[in-house]
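# Overview (structure and organization)
Listed below, chain by chain, are the residues.
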Amino acid sequence: MDYKYLAELLFPCVTLTPEDMEKRYPPRNLPEGAVVSRHAPSPTGYVHLGNIVQSLTSERVCHQSGGVMYLRIEDTDAKREVKGAVGILIDSLAHYKIRFDEGATADGDVGAYGPYRQRQRRDIYHVYAKYLVQNGMAYPCFCTAEELAAIRKRQKAEKANLGYWGPWAVWRDRPIEDIEKALKEGKPWVLRFRSTGSIKNKYKFYDLIKGEIDITENEIDIVLLKSDGIPTYHFAHVVDDHLMRTTHVIRGDEWLASLPVHIQLFKALGFKLPKYAHIGPIMIMDGNSKRKISKRKDPQFGLIYYRKCGYPVESVYEYVLTILNSNFEDWRRANPDTPAEEFRFSLKKMNPAGALFDAAKLNDISKNVVSTMSADKIYADLLEWAKEFEPGFARALEADPDYAKAIISIGRGGKKPRKDYGTWSELREYMKFFYDDTFDVVDEYPEEADKSDIKATLAKFLETYNPADEQGVWFDKIKAIAASLGYAPEMKEYKQNPGTFRGSIADISMFLRVAVTGKLNSPDMYTVMQILGEARVRQRIESMLSRLG
Ligand code: GLU
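Let me begin by describing the structure that accompanies this report. (Residues numbered from 1 in each chain as written. Predicted model: local features only at pLDDT ≥ 70, side-chain atom pairs only at ≥ 80, totals over all residues. Heavy atoms only, no water.)

A separate point is the sheet that holds strand E9 (residues 223–225). Strand order in the open sheet made by the three strands is E5-E6-E9, with antiparallel pairing throughout. Here the strands that pair on one side only, and so sit at the sheet edges, are strand E5 (138–141) and E9. Taking the axes of each pair of neighbouring strands and ignoring which way they run, one obtains an average angle of 45° across the sheet. (Pairing = 2+ DSSP bridges. Helix = DSSP H or I, 4+ residues; strand = E, 2+ residues; numbered from the N terminus. Axes fitted to C-alpha atoms, helices over the stretch in contact; angles between N-to-C directions.)

The subject of this paragraph is the site of the ligand. For the ligand, the full set of nearby residues is Arg38, Ala40, Pro41, Ser42, Glu74, Tyr233, Arg251 and Trp255. For the ligand, a nitrogen atom lies 2.8 Å from a polar atom in the backbone of Ala40. Protein chains shield 82% of the accessible area of the ligand, which is 290 Å² for the free molecule. Residue classes in the shell around the ligand are distributed as four nonpolar, one polar and three charged. (Near = heavy atom within 4 Å. Polar contact = N/O pair within 3.5 Å; in protein donor to acceptor, adjacent residues only side chain to side chain. Areas by Shrake-Rupley, 256 points an atom, 1.4 Å probe, with all protein chains shown as cover. Nonpolar A, V, L, I, M, F, W, Y, C, P; charged D, E, K, R; others polar.)

With that out of the way, let us pick up helix H15 (residues 391–399). Of all the positions in H15, only Phe393, Ala394 and Leu397 are classed as buried. In a view along the axis of H15, the buried residues occupy a sector of 105°, so they form one face of it. Residues of H15 that are exposed and point over 90 degrees away from its buried face: Arg395 and Ala399. Next to the buried residues of H15 lie helix H14 (375–389), helix H16 (401–408) and helix H17 (424–431). (Buried < 20%, exposed > 50% of the residue type's maximum accessible area, 1.4 Å probe, protein only. Arc of directions from axis to C-beta. Contact = heavy atoms within 4.5 Å.)

Here the focus is the sheet that holds strand E13 (residues 289–292). Spatially, three strands are ordered E13-E12-E14 in an open sheet, and the strand pairing comes out mixed. Two strands close off the open sheet at either side, each with one partner strand: E13 and strand E14 (356–357). Pairing of strand E12 (residues 283–286) with E14, which is carried by two bridges, proceeds in the parallel orientation. Directly across from Ile284, in E14, lies its bridge partner Phe357.

Attention shifts here to the environment of His234. Mapped onto the elements, His234 comes out in helix H8 (residues 233–243). Classification of His234 as buried rests on a relative accessible area of 19%. With 25 residues separating them along the chain, His234 and Leu259 place their C-alpha atoms 9.0 Å apart. The contacts of His234, once residues within four sequence positions are left out, are Ile222, Ser258, Val261, His262 and Leu265.

Grouped together as the largest cluster of nonpolar side chains are 108 residues, with contacts concentrated most on Leu397, Met431, Phe434, Tyr445 and Phe461. In contact with Phe434, not counting residues within four places along its chain, are Tyr403, Ile407, Ile410, Val528, Ile531, Leu532, Arg536 and Arg540. Core analysis: the second largest hydrophobic core is formed by 59 residues, Tyr139, Leu225, Phe266 and Phe271 among them. (Core = buried A, V, L, I, M, F, W, Y, C linked by side-chain atoms within 4.5 Å.)

Let us look at the side chain of Ser195. For Ser195, the position within the fold is in the loop between strand E6 (190–193) and strand E7 (202–207). Polar contacts involving the side chain of Ser195 include one to the main-chain amide nitrogen of Gly197, which spans 3.1 Å.

Now for the packing of H14 against H15. Here H14 crosses H15 at 145°, and the two axes come no closer than 6 Å. For the pair H14 and H15, the sense of crossing is left-handed. Judged by residue contacts, Tyr379, Leu382, Leu383, Trp385, Ala386, Lys387 and Phe389 of H14 engage Pro391, Phe393, Ala394, Leu397 and Glu398 from H15. Considered class by class, the residues forming the contact of H14 with H15 number ten nonpolar, no polar and two charged. (Left-handed = near helix turned anticlockwise from the far one by under 90°.)

Further remarks concern the environment of Ile304. Of note, Ile304 is situated in helix H10 (residues 303–309). With a relative accessible area of 49%, Ile304 lands in the partly exposed category. C-alpha of Ile304 to C-alpha of Lys405: the two residues are 101 residues apart in sequence and 27 Å apart in space.

Running from N to C, H16 and H17 cross one another at 100°; their axes reach a closest spacing of 11 Å. Between H16 and H17, the crossing angle belongs to the class labelled roughly perpendicular. Here H16 contributes Ala404, Ile407 and Ile408 to the contact with H17, which in turn contributes Leu427, Tyr430 and Met431. When its residues are assigned to classes, the contact of H16 with H17 shows six nonpolar, no polar and no charged. (Parallel < 35°, antiparallel > 145°, perpendicular 65-115°, else oblique.)

Counted under the stated rule, the structure contains 27 aromatic pairs. Arranged with centres 4.8 Å apart and planes meeting at 55°, the rings of Phe142 and Trp171 form a pair that is tilted. Within this pair, whereas Phe142 is found in the loop between E5 and helix H6 (145–157), its partner Trp171 is found in the loop between H6 and helix H7 (176–184), the two being separated by 29 residues in sequence. Taken together, the ring pairs in this structure connect Tyr128, Phe266 and Phe271 into an aromatic cluster. The positively charged end of Arg540 is found above the aromatic ring belonging to Phe439, 3.8 Å away from the centroid. (Phe/Tyr/Trp six-rings, centres within 6.5 Å; stacked < 30°, edge-to-face > 60°. Lys NZ or Arg CZ within 6 Å of the ring centre and 35° of its normal.)

When E7 meets strand E8 (residues 211–216), the two strands line up antiparallel, connected through six bridges. The residue of E8 that forms the bridge with Tyr206 is Glu212. The hairpin turn running from E7 into E8, its antiparallel successor, is three residues long.

Turning next to the side chain of Arg172. Along the chain, the position of Arg172 falls in the loop between H6 and H7. Here Ser195 takes part through its backbone oxygen, which lies 3.0 Å from a polar atom of the side chain of Arg172. Side-chain polar atoms of Arg172 contact the side chain of Asp221, separated by 2.9 Å.

The final tally for this structure, using the stated rule, is 38 salt bridges. Note that Lys187 is salt-bridged to Glu185, the shortest N-O span being 3.6 Å. Judged by relative accessible area, which is 40%, Lys187 ranks as partly exposed. The exposure class of Glu185 is partly exposed, given its relative accessible area of 47%. A salt bridge links Glu318 to Arg332; its shortest N-O distance comes to 2.4 Å. (Salt bridge = Lys/Arg side-chain N within 4 Å of Asp/Glu carboxyl O.)

The structure is reproduced here in structure tokens:
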């Protein structure tokens, strides 16, 4: 077969050569050990935790080594593409502080190794497709879907290995006349790789996360170009990662099964093989067993969930590091105030079987993260969240920023900050009682509480209440109310002789608390009253008094 002739027949317009490509995309001038890697998502419109796990892993490894991280849009599957998806993707990654040095951006591509969107790289793939045909390493296949199904059926009947390979590859060694005829008839064709591998050959391969793995050679004549001339993932991966000078391919382990094909293609094209790191899936507990997190079953897989709940970006970032690197938590305990970016991320510390997602842990981490934030930052982030998800609340926040910040400041600062909320939706719940239009008595007084004692407490409080009182004076007044009603003003006294009192100062405080906050639990009452202000405090107590009748 005259392969040169065949190559001209198939790709008459391709005039550039692999040498031209090498010149256009020369090796990067980076120091020894600098990692070049990428995030290479398909724009489906659904951005998920897997995107963050993969991109954060790559980003950390690149930037820690002084290397380059880029964003490549893998849009070869037009059927899966959703309008606006690239924008959503770019936005979400930026929101979670994934830094790219080059690649696709909202304003077009940035960087010397582009285009970074695969559909714009068609001509580049065709240069290599032609080269492979010229060298007898690829050929056109005109099989229809029916013909392929028939082959499969026969393979099943004969218990042969499935797929388009060796003796089953009907176009592999077809005479040129057949090809010319099919082309003339305008039959659609795909370009296939002529595999020289055999499944009898096995070898060891080192994956940076999985460790040593066994590889079986690929014998299938896989498709390189689909009938519309667009490459398959396999072909695009090899061409792009070579030309973009990727040193480390860090990706989900669903691609592990295709690794033999990729290694084979790198060799066939004479490219240096990059290092590979295959990340295990994110797992989730389902009853007592673990399973892969899923788009269909688990709302927590989609990033929009975190945005809606109002998890701070910092919390999600910190959480992902916690589940990805087994030593992150120890590091965090030893370095409580250091930015998470300073943690030394390591592929070796990743669980080859995949990280376990744990919602309770995320909440704990988030409460910690929020407890260290300043009131100003929380106010700003809360407002941004509220504008999107709770516009009425956003207006209340903007109407009186000082009031909101005073609420947020409760228990903040100091050695042991309060950890009441980990998300902006929780904070919104927490703040509800401070605003009259969302204030509600959500907790009733306990059954055993004496109604006339409650009323007496509330009435007496109103008589002596003075918002100018210092905390000590304020509390002494409450103690005096307790004593006057036969309640122990000190807990110690009460504990020693419970039988001699109607209750304790804790009950008296609770009577006030339910009236003023509508809840059995609240932050420090004195502070709460200071923030609410005299008018609100009086009005709420009066309204409770009239409720009690
Ligand atoms: N487009 C592929 C995916 O979304 C990329 C895999 C890779 O990183 O090579 O899974």
